[in-house]
Amino acid sequence: ETTTFVGTKGTLVLAAPAHCPTKVVVTLKAPVRGEPPRVVELDFPLPDDNNKPFIMPNSAGLAYEARCFARCVRAGLDHLPQWTPDDAVDTAKALDALRGKPLLTHVVSLKFKATAAGDVVQRALADLRGLRTLCAPLIVDVHVGPVVVHASDRQNTKGFSHTALFRFRSEADRDAYIVHPAHAALTTQFAAIVDDVGVTDVWDDDAPRGSCSSS
């Protein structure tokens, strides 16, 4: 698995396996539109003495954490200098604040043309997922996949085979996404391979009710 962090200045990708990666890829947006982004790849190889069997992949990398802990103990430190208790508290507060805010879900249902080849459909779905990066930081997260329904409900899908869920912090972010050049370009691309598109938006249950219309 990989983990991608999307920010206002670019993205940071933890290569697979993301819970114990040996490579990090940082992509920084170009300061001038049209110029290529700056890509920095950082490699973190496993220890040279990685000759012991482990159940989980890359577990030998935990040796770095153990060595760091040993250095702190020998120096009489009660925390890592590069990551202070205040840093940990600030991160926890930021995560709590994000989790506590209701989000707007933009639901897009897709009915692909019968003539659309399977590889074309898969590339199109991948492009949908890529909007999170291209439209950063507007989109909180994206989920794209085939419709999964009980056999008794299959007739109610009306032929829509795939669904994309886009999560936004506000209607303003949703509106900015709708007119974003990357979204506009993908809309044109999809027009050639889909027969129909259904769109609706819904706030989390605890969100303040406002005038939220489909787009």
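Located above this text is the structure these notes cover.
Reading the values: the criteria
- Residues numbered from 1 in each chain as written.
- Predicted model: local features only at pLDDT ≥ 70, side-chain atom pairs only at ≥ 80, totals over all residues.
- Heavy atoms only, no water.
- Pairing = 2+ DSSP bridges.
- Helix = DSSP H or I, 4+ residues; strand = E, 2+ residues; numbered from the N terminus.
- Axes fitted to C-alpha atoms, helices over the stretch in contact; angles between N-to-C directions.
- Contact = heavy atoms within 4.5 Å.

Draft legend 1. Local environment of the sheet that holds strand β1 (residues 3-6). Pairing in this open sheet of four strands is antiparallel, and the strands run β1-β2-β3-β4 from one edge to the other. Two strands in the sheet have a free side with no partner beyond their single neighbour: β1 and β4 (38-43). Recorded for the sheet is a direction-independent mean angle of 15° between the axes of neighbouring strands. As paired strands, strand β2 (residues 10-14) and strand β3 (residues 23-28) are joined by five bridges and run antiparallel to one another. Residue pairing across strands places V13 opposite V25, the latter belonging to β3.

Draft legend 2. Geometry of unusual backbone geometry. Across the junction of A16 and P17, the peptide omega takes the value -10°, indicating a cis bond. As for its placement among the helices and strands, P17 is situated in the loop between β2 and β3. Residue P137 is bonded to the preceding A136 through a cis peptide linkage, with omega at 5°. Structurally, P137 is set in the loop between α3 (118-134) and β6 (139-146). Positive phi, close to 60°, is recorded for N58, a residue that is not glycine. Structurally, the position occupied by N58 is in the loop between β4 and α1 (62-74). We note that K158 has phi near 55°; this positive angle belongs to a residue other than glycine.

Draft legend 3. Quick peek at the sheet that holds β6. On the basis of which strands lie adjacent, the open sheet formed by four strands has the order β6-β7-β5-β8 and antiparallel pairing. Of all strands in the sheet, those with a lone pairing partner are β6 and β8 (194-203), marking the two edges. Averaged over all adjacent pairs, the angle separating strand axes in this sheet is 15°, with direction ignored. Of the strands in this sheet, β5 (104-112), β6 and β7 (162-168) touch α3, which is tilted by about 165° from β6. The strands touched by helix α4 (residues 171-178) within the sheet are β5, β6, β7 and β8, with β5 carrying the most contacts at an inclination of about 35°.

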